[in-house]
Amino acid sequence: MLDPNLLRTQLAQTAEQLRALRGFELPVADVEALESERKQLQTRTQELQNLRNTRSKLIGVAKAKGEDSAALMAEVAAIAEELKSSEVRLDVIRDAIAAIALTVPNIPDASVPVGSDESGNAEVHRWGTPRAFEFEVRDHVDLGAHRGWLDGETAAKLSGARFTVLRGGLARLHRALAQFMLDLHTGEHGYLEVNVPLLVNADSMQGTGQLPKFEDDLFATQVGEVKRYLIPTSEVPLTNIVRNDIVDDAELPLRMTAHSMCFRAEAGAYGRDTRGMIRQHQFEKVELVSIARPAESAGEHERMTRAAEVVLERLGLPYRRMLLCSGDMGFAASKTYDLEVWLPSQNSYREISSCSNCDAFQARRLQARWRNPETGKPEPVHTLNGSGVAVGRALIAVMENYQNADGSIAVPEVLRPYMAGLTQLD
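Residues numbered from 1 in each chain as written. Predicted model: local features only at pLDDT ≥ 70, side-chain atom pairs only at ≥ 80, totals over all residues. Heavy atoms only, no water.

K.L.:
Explain the sheet that holds strand β15 (residues 378-380) here, please?
P.N.:
Where strands meet in a sheet, backbone hydrogen bonds hold them as pairs that are either parallel or antiparallel. Spatially, the 3 strands line up as an open sheet ordered β8-β14-β15, and their pairing is mixed. Each of the sheet's edge strands pairs with one partner strand only, and the pair in question is β8 (246-247) and β15. Examined bridge by bridge, strand β14 (residues 369-371) and β15 share 3 bridges and lie antiparallel to one another. In the strand pairing of β15, Arg371 is matched with Pro378. (Pairing = 2+ DSSP bridges. Helix = DSSP H or I, 4+ residues; strand = E, 2+ residues; numbered from the N terminus.)

Below you can see the structure in the form of structure tokens.
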């Protein structure tokens, strides 16, 4: 969430920023009314606490002198009753303000271009040259139909639409991609491999910003009174590892990676992306998460994005880096780079990784802090997350970019050690 002081002392300015940059309408009148009542109640509560303490001392003095303290005791009882009522109401007001704050997106960094949708995104650079094919290019669905490697019909029988069964060499290639990414990020990029739960509680989802705003995009389970959510990305459990913690300065930056299943309802998704594996309810990613000192998070963001780029370069997949505009970023992000990989069948670049700096936005929700050695005081950390990269989309890109005229698929050289030396899927 945003710094609460912005809503208390710079409400109009913050509302204008959110409107201009995010297209988000902050309910200013509601916040003003709640803040006004909060201030009045807080002042009155403090007055009542002081009055109760003062009168209670007088009762002790009166009893010590043998004087009648009945009137004072009645007054203290009345004060205590009003105080309790005031404290209850103050909690209600604070909860109402917090509920609004949880719906407010992050403010974009000053370096982010202003725009309302993806047309406002800025290309940073490109790598690689798309291959010129001498035959008609097939998409990954047609390529995967060869030998029944990619089977949507059986998956639909098992689970419904937007699921896929992978078989044989293609299933092995998918596994090889994940293993390659993990080895790269742990071996060369210094990330700690972590195996995380796929089911998390509501506090975890709220901490990283999925709740309450995006509940319709989540899969939930309930056993008895206990409700848990299937993770949409391992960013959620990885980042929540530091929830309610004060991280020692010597541990920062804390870099973690995880390969996990991811689950998204994809409410409202339609069109070409529902064909094949591009937009699925269940998919796999190798995620990167960093917990950083505030002064170092911008550099950590560049480092993380570069780690994801190296994956694509080692695989020989042409890509471009895009700086997302203010209206196209995720809810919690202050700055985001998307990496888009070249898909020959679509003759375009498509997103395969999104790397975001969330600054202190998630940390405030998580109560995740570090002890600043300069001040000796706990302060919010900065959190960052990125795909390093989406395994299914990497598989699609490899299939299409490495396809042969006969429908076979060459295995990228970097993956061959994970495929027992296999050079081609026939």
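K.L.:
Could you clarify how one ought to interpret the pattern of salt bridges in this entry?
P.N.:
Once their charged atoms are close, side chains differing in charge can pair, the charge on each being opposite to the other. In this structure the tally under the stated criterion is 25 salt bridges. Between Glu35 and Arg8 there is a salt bridge, with the nearest N and O atoms lying 4.0 Å from each other. One end of the pair, Glu35, is in helix α3 (residues 28-64); the other, Arg8, is in helix α1 (residues 4-9), and 27 residues separate them in sequence. A salt bridge links Arg19 to Glu25; its shortest N-O distance comes to 3.1 Å. (Salt bridge = Lys/Arg side-chain N within 4 Å of Asp/Glu carboxyl O.)

K.L.:
Even after reading the chapter, I still don't get the environment of Lys63, so can you show me in this structure?
P.N.:
Structurally, the position occupied by Lys63 is in helix α3. Classification of Lys63 by relative accessible area gives exposed; the value is 52%. Separated by 133 residues in sequence, Lys63 and Val196 have C-alpha atoms that sit 62 Å apart. Contact partners of Lys63, with chain neighbours within four places excluded, come to Ser69 and Met73. (Buried < 20%, exposed > 50% of the residue type's maximum accessible area, 1.4 Å probe, protein only. Contact = heavy atoms within 4.5 Å.)

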